[in-house]
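Inside the fold
The lines below spell out each chain.
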Amino acid sequence: MKKILLTTILSVASILTAQTITGSDTVLPLSQQEAEAYMKANKGAKVTVTGGGSGVGISALIDGTTDIAQSSRKIKFDEKKKVQDKGSTVKEVIIAFDALAVVVNPKNKVTNLTREQLEGIFTGKITNWKEVGGDDLKIVAYSRETSSGTYEFFKEEVLKKKDYMAGIQSMPATGTIVQSISQTPGAIGYIGLAYLDKKVKAIHVSYDEGKTFVEPSVKTAKDETYPIVRPLIYYYADKSESIVKPFIDYVLSPAGQKIVSDIGFITK
Amino acid sequence: MIRRFIEKSVEKIFAACGMITTITILLIIIFLFKEGFGLFNSPEVEKGYALCVNAANPIDYISSPDVKKIYNSVITNWSELTEYDEKIVLFRDDNKDIFDFYKEEELGDSFEEIEANIPKKVLELIANTPGMLAFVHEENLQKNIEGVKVLDKGMVNPNDFFFGREWIPTSTPAPQFGILPLILGTLWVSLVAILIATPLGIGVAIYLSELAQSKVRDILKPAIELLAGIPSVVYGFFGLVVLVPMVQKTLGLPVGETAFTASVILAIMALPTIITVAEDAIRSAPRSMREASLALGATHWQTIYKVVIPYAASGISAAVVLGIGRAIGETMVALMVTGNAAVIPTTLFAPVRTIPATIAAELGEAPGGGVHYQALFVLGCVLFLITLVISITAELISKRQHNKGL
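Calculation criteria
Residues numbered from 1 in each chain as written. Chains lettered and ligands numbered in written order. Predicted model: local features only at pLDDT ≥ 70, side-chain atom pairs only at ≥ 80, totals over all residues. Heavy atoms only, no water. Salt bridge = Lys/Arg side-chain N within 4 Å of Asp/Glu carboxyl O. Buried < 20%, exposed > 50% of the residue type's maximum accessible area, 1.4 Å probe, protein only. Helix = DSSP H or I, 4+ residues; strand = E, 2+ residues; numbered from the N terminus. 1 Å grid on protein atoms, 1.4 Å probe; cavity = no way out; pocket = protein on both sides within 12 Å on 5 of 7 lines; lining within 4 Å. Points joined across faces, edges and corners; volume = space filled by probe spheres on them. Nonpolar A, V, L, I, M, F, W, Y, C, P; charged D, E, K, R; others polar. Domains from an automatic or database assignment. Pairing = 2+ DSSP bridges. Axes fitted to C-alpha atoms, helices over the stretch in contact; angles between N-to-C directions. Right-handed = clockwise from strand over helix to strand, strands pointing away. Core = buried A, V, L, I, M, F, W, Y, C linked by side-chain atoms within 4.5 Å. Phe/Tyr/Trp six-rings, centres within 6.5 Å; stacked < 30°, edge-to-face > 60°.

Our next topic: the pattern of salt bridges. Per the stated rule, a full pass over the model turns up 26 salt bridges over all chains. Note that A:Asp163 and A:Lys155 form a salt bridge whose closest N and O atoms lie 3.3 Å from each other. Accessibility expressed as a relative area gives 5% for A:Lys155, which makes it buried. A salt bridge links B:Lys121 to B:Glu124; the shortest N-O distance between them is 3.9 Å. Of the two residues, B:Lys121 and B:Glu124 are both situated in helix H5 (residues 111-128); the distance of 3 residues between them amounts to about one turn of the helix. According to the relative accessible area criterion, B:Lys121 is buried, its value standing at 16%.

Turning to empty space enclosed by the protein, a few remarks are in order. Counting across every chain of the model gives 3 cavities of 30 Å³ or more. One number sums up the size of the largest cavity: a volume of about 160 Å³. Taken together, 17 residues form the lining of the largest cavity, with A:Thr146, A:Tyr151, A:Ile168, A:Ser170 and B:Trp167 sitting closest to its centre. Looking at the lining of the largest cavity, the elements with two or more residues in it are strand S6 (140-144) of chain A together with strand S5 (167-168) of chain B. Split by residue class, the lining of the largest cavity holds 9 nonpolar, 4 polar and 4 charged. Roughly 100 Å³ of volume is contained in the second largest cavity. Lining the second largest cavity we find 14 residues, and of these B:Val45, B:Leu51, B:Ile62, B:Asp152 and B:Gly154 sit closest to its centre. Grouping the constituent residues of the lining of the second largest cavity by class yields 8 nonpolar, 3 polar and 3 charged.

The subject of this paragraph is the domain arrangement of chain B. In terms of domain boundaries, chain B breaks down into domain 1 (49-156) and domain 2 (180-405). The gap between the C-alpha centroids of domain 1 of chain B and domain 2 of chain B is 52 Å.

All names here are of chain B. As summarised here, the arrangement of the 4 strands in space is S2-S3-S1-S4, forming an open sheet in which the pairing is mixed. Only two strands of the sheet have a single neighbouring strand rather than two, namely strand S2 (89-92) and strand S4 (148-150). Across the sheet, the mean angle from the axis of one strand to that of its neighbour is 25°, orientation sign disregarded. Bridge count between strand S1 (residues 49-54) and strand S3 (residues 132-137): 5 bridges; the pairing is antiparallel. Looking at the pairing, valine 53 lines up with leucine 133 of S3.

Residue and element names in this part refer to chain A. Where burial is concerned, the two faces of strand S2 (residues 47-50) differ: the one with Val47 and Val49 is buried and the one with Thr48 and Thr50 is not. Relative to S2, strand S1 (residues 19-23) runs parallel, the two sharing 4 bridges. When the sheet's bridge partners are listed, glutamine 19 is paired in S2 with valine 47. Crossover connection from S1 via helix H2 (residues 28-41) to parallel S2: handedness right-handed.

Residues A:Tyr142, A:Ile181, B:Leu266, B:Ile282, B:Val333 and B:Val337 are the most contacted members of the largest nonpolar core, which totals 51 residues. The element best represented in this core is helix H10 (residues 259-283) of chain B, accounting for 12 residues. Within the second largest apolar cluster, 31 residues are counted, among which are A:Val102, A:Tyr164, A:Ile168 and A:Tyr190.

All names here are of chain A. Applying the stated rule across the entire model yields 20 aromatic pairs over all chains. A ring pair is formed by tyrosine 38 and tyrosine 250, whose centres lie 5.6 Å apart and whose planes are at 55°; its orientation type is tilted. One end of the pair, tyrosine 38, is in helix H2; the other, tyrosine 250, is in helix H9 (residues 241-252), and 212 residues separate them in sequence. Owing to a relative accessible area of 7%, tyrosine 38 belongs among the buried residues under this scheme. Residue classification places tyrosine 250 among the buried residues on the basis of a relative accessible area of 17%.

Take a look at the structure:
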């Protein structure tokens, strides 16, 4: 009896709230604005957006407590399998791209770094700025916490899957990284392109061993000359495709993609 | 009649409230231990994956720290581990590495064909490469394959967990769960915080209860209690924006997020607890004892440190222990100003990482039920046990005071 009551309440609730999106904090501001615009355009539709981290979103998708999991990293094999064990398949839609900028303190003389040098700095092999053409100053490397998709992406893309050095400073949010780098002369860190401002200086990165150095910007990310770009993804179970499709279509539409570029991400 | 009935029901409701609270606390503790308990039965390698080598390789098992060293190119030749002189070739089965070894045309014509061919090609690759160490999906290994040897899987070892020196929970294929730096970091920060807060706190408590005029006390006491009400994130914010640059500039350090910075803030946060509890203890010294001391010709100051303080000693110790408890469990400040670097602390002026900050920062992304998730729950258990010991100590100390009071 209790069970029946509970399921009725839940199903009524799911009709009323229509759909939920949970996951990555990087995608969160984008999803929120998309949801607001979507609800304005479609009277009666309701989209609830919450954050918590890419892993939280995918866990919720596995448990069936969310319709869409927003993620700034690819779903792991293990997670995909768990969804399959529950009897549905995971569908993936890339909604936008985000570029990562490597930033240093504005007083730092160094502007150009190669991928190999970045790997050396973040794995702890290079410890002084003079080794990469700067002043005699200790390098203080800042990383995001392991809970962020940004952390995983940077590790995969720039460190070629090697581990960050054990003593790396990790910060809970992008805002605190910008704050710390702006007040520490020897600092280096990485942030989403949307967070780039005058308090920090963006490094020009080379992926061809120093032949060309590219400055991070929406333009260079879009024409694919800037190398550190990652997809922002919506995951959903194929069962709920009919529920989530209208919203995802809206996000991919010109109106939805305009919001993407307004926020500072790169459109598909 | 009706009044008796109401009184009875109120009694019942209160009893029920007490029961519910106790049961809730017990359930939370059981949940904590239950979630963490599975850790030592979990494989070191990520679930659903296995490590494979070429069949000619004599090795059967590689310990998790060695796997990490291999994948970080610290160990590059098999001869460092076993009697097999061959350069190590690394491979991860993530549908990316395979294209370093085969051209797309070699794998198939269409996308579907390539996808279907990959598992077969991966195994072929392992069988043909003598120095290969491959991290592959377990489901592709169901039958015995010629030329491929699957390595034994180790379980997470309690010794490595509690005494390991490296906390790299996201290292693939071999995450490192050494919690020693985290435990030491937590204790280090709290210890220094309490060393700063104790003399200050006791000083203020003595001033408030013995020396201050009642007008001053009426302003100061609520102000101190207000200090306890400031949300910890505000302290953290203050620390990050004001104290961190200050510490860095005045001490000429490369970085301002240090154990010392966190200790200062935690000391400020522990002060209200210490002051309030210590002041109560000092005030509870009976008037008759003070008057007796003064009547014997002792000065005011002699009375304070020869009569009042010894009388209140256990209450003051309880205040300090409660202050330690406050500092150890603090999450937000630790997360914001310690720098969160998981290294064993050797100095006050370098970043550290504490247990509560680790749990808060990492639980969001740890795949539910996975090894990392379980490791964080065991960390929670460790923190719980530390604070339990502290609470019991505080309780025992204040009991002693009660007995003396009789």
